[in-house]
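Here is what each chain is made of, one letter per residue.
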Amino acid sequence: GWCPLSPTGAQTTQLLVEPPWRPAVLWDRVTLTCQGSGTAGDTTWYKDGLHWGQNRRDNFTVTDSGNYTCDRPGSGLSRAVRVLNDWLVLQVPARTLLEGDTVTLRCRV
């Protein structure tokens, strides 16, 4: 997978969401994947800012709403991915958006 470089040239931890829409919704069967340096067994997961269980794999299917982050030694803490359990959600593509980009929005019910 592709991991952008930080200004100092160090690799950063990325938290990927599948399907690739944000905010993610539970009824889409969301899978989170943590990418960064080190091995998958070194992944630490956080839910709502707190250490979350003993899951040390690099990916899993989400079963509860909340804000998820992951940490990999050598590349640090990822940005948070928000997973909702709402009935009506406006979603944007889960990628970096720049001014001037054409964006498809999804209204989900």
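Residues numbered from 1 in each chain as written. Predicted model: local features only at pLDDT ≥ 70, side-chain atom pairs only at ≥ 80, totals over all residues. Heavy atoms only, no water.

As named in an unreviewed UniProt entry, the chain is FCGR2 protein, taken from Leiothrix lutea.

Thoughts on the pairing of strand E4 (residues 31–35)
As a reminder of what qualifies: The pairing criterion for strands is at least two bridges between them, as found by DSSP. Secondary structure elements follow DSSP: runs of H or I of four or more residues count as helices, runs of E of two or more count as strands, with numbering from the N terminus.
Inspection of the sheet shows strand E1 (residues 14–18) paired to E4 by five bridges, in the antiparallel sense. Within E4, the position partnered with Glu18 by the bridge is Thr31. In this sheet, strand E7 (residues 59–61) lies alongside E4 in antiparallel orientation, the contact comprising three bridges. Counterpart to Leu32 in the pairing with E7 is Phe60.

Points about the side chain of Arg72
The test is simple: Only protein chains enter the area calculation, which uses a 1.4 Å probe; residues under 20% of their type maximum are buried, those over 50% are exposed, and those in between are partly exposed. Just so you know, the count uses Lys and Arg for positive and Asp and Glu for negative, and it drops His and the chain ends. By definition here, a salt bridge exists when the distance from a side-chain nitrogen of Lys or Arg to a carboxyl oxygen of Asp or Glu is within 4 Å. Polar contact is defined as a pair of N or O atoms within 3.5 Å, subject to the rule that within protein one atom must be able to donate a hydrogen and the other to accept it, and that residues adjacent in sequence are counted only when both atoms are side-chain atoms.
With respect to the helices, strands and loops of the structure, Arg72 is situated in strand E8 (residues 66–72). Of the side chains with opposite charge, Asp58 lies nearest to the buried Arg72, which makes no salt bridge, at 5.1 Å. A polar contact is formed between the side chain of Arg72 and the side chain of Thr43, at a distance of 3.4 Å.

Quick look at the pattern of salt bridges
Inspection of every chain in the model, using the stated rule, returns five salt bridges. In this structure, the salt-bridge partner of Arg106 is Asp28, at a minimum N-O distance of 3.9 Å. Of this pair, Arg106 sits in strand E12 (residues 106–108) while Asp28 sits in the loop between strand E3 (24–25) and E4; the two residues are 78 residues apart in sequence, bridging distant segments of the chain. For Lys47, the salt bridge is made with Asp64, and the minimal N-O distance between the two is 3.3 Å. Taken together, the residues Lys47 in strand E5 (residues 44–47) and Asp64 in the loop between E7 and E8 connect sequence positions 17 residues apart. For Lys47, a relative accessible area of 15% gives the class buried.

Observations concerning a nonpolar patch on the surface
Definition in use: Each patch groups residues whose relative accessible area exceeds 30% and which form no salt bridge, using 9 Å between like charges and 5 Å between nonpolar side chains of Val, Leu, Ile, Met, Phe, Trp and Tyr. For accessible areas, the Shrake-Rupley method is used with a probe of radius 1.4 Å. Any residue's cover is judged against the shown protein chains and nothing else.
Where nonpolar side chains cluster on the molecular surface, the patch consists of Leu90, Leu97, Val103 and Leu105 and spans about 330 Å² of accessible area. Mapped onto the fold, Leu90 is located in strand E11 (residues 89–93).

Brief notes about the side chain of Ser78
Under the convention used in this document: The criterion used for residue contact is that any of the two residues' heavy atoms lie within 4.5 Å.
With respect to the element layout, Ser78 can be found in the loop between strand E9 (76–77) and strand E10 (81–84). Those residues in contact with Ser78 that sit more than four places away from it in its chain are Thr13, Gln14, Leu15, Thr69 and Cys70.

Comments concerning the state of the cysteines
Put plainly, two cysteines are in a disulfide when a covalent bond ties their sulfur atoms together. Heads up, the rule is: The definition used for a disulfide is geometric: two cysteine sulfur atoms within 2.5 Å.
Evaluation of the coordinates by the stated rule reveals one disulfide. Sulfur-sulfur distance for the disulfide between Cys34 and Cys70 comes to 2.1 Å. With the S-S dihedral at roughly 85°, the linkage between Cys34 and Cys70 falls on the right-handed side. Linking Cys34 in strand E4 with Cys70 in strand E8, this pair joins segments that are 36 residues apart in sequence.

Looking at the sheet that holds E1
Selection rule: Lines fitted to C-alpha atoms define the axes here, with helix axes fitted over just the stretch in contact, and angles between the N-to-C directions of these axes take values from 0 to 180 degrees.
Taking strand neighbours across the sheet as the criterion, the three strands line up as E1-E4-E7 in an open arrangement whose pairing is antiparallel. With partners counted over all chains shown, the strands left at the sheet margins are E1 and E7, one partner each. This sheet shows a mean twist of 20° between the axes of neighbouring strands, independent of strand direction.

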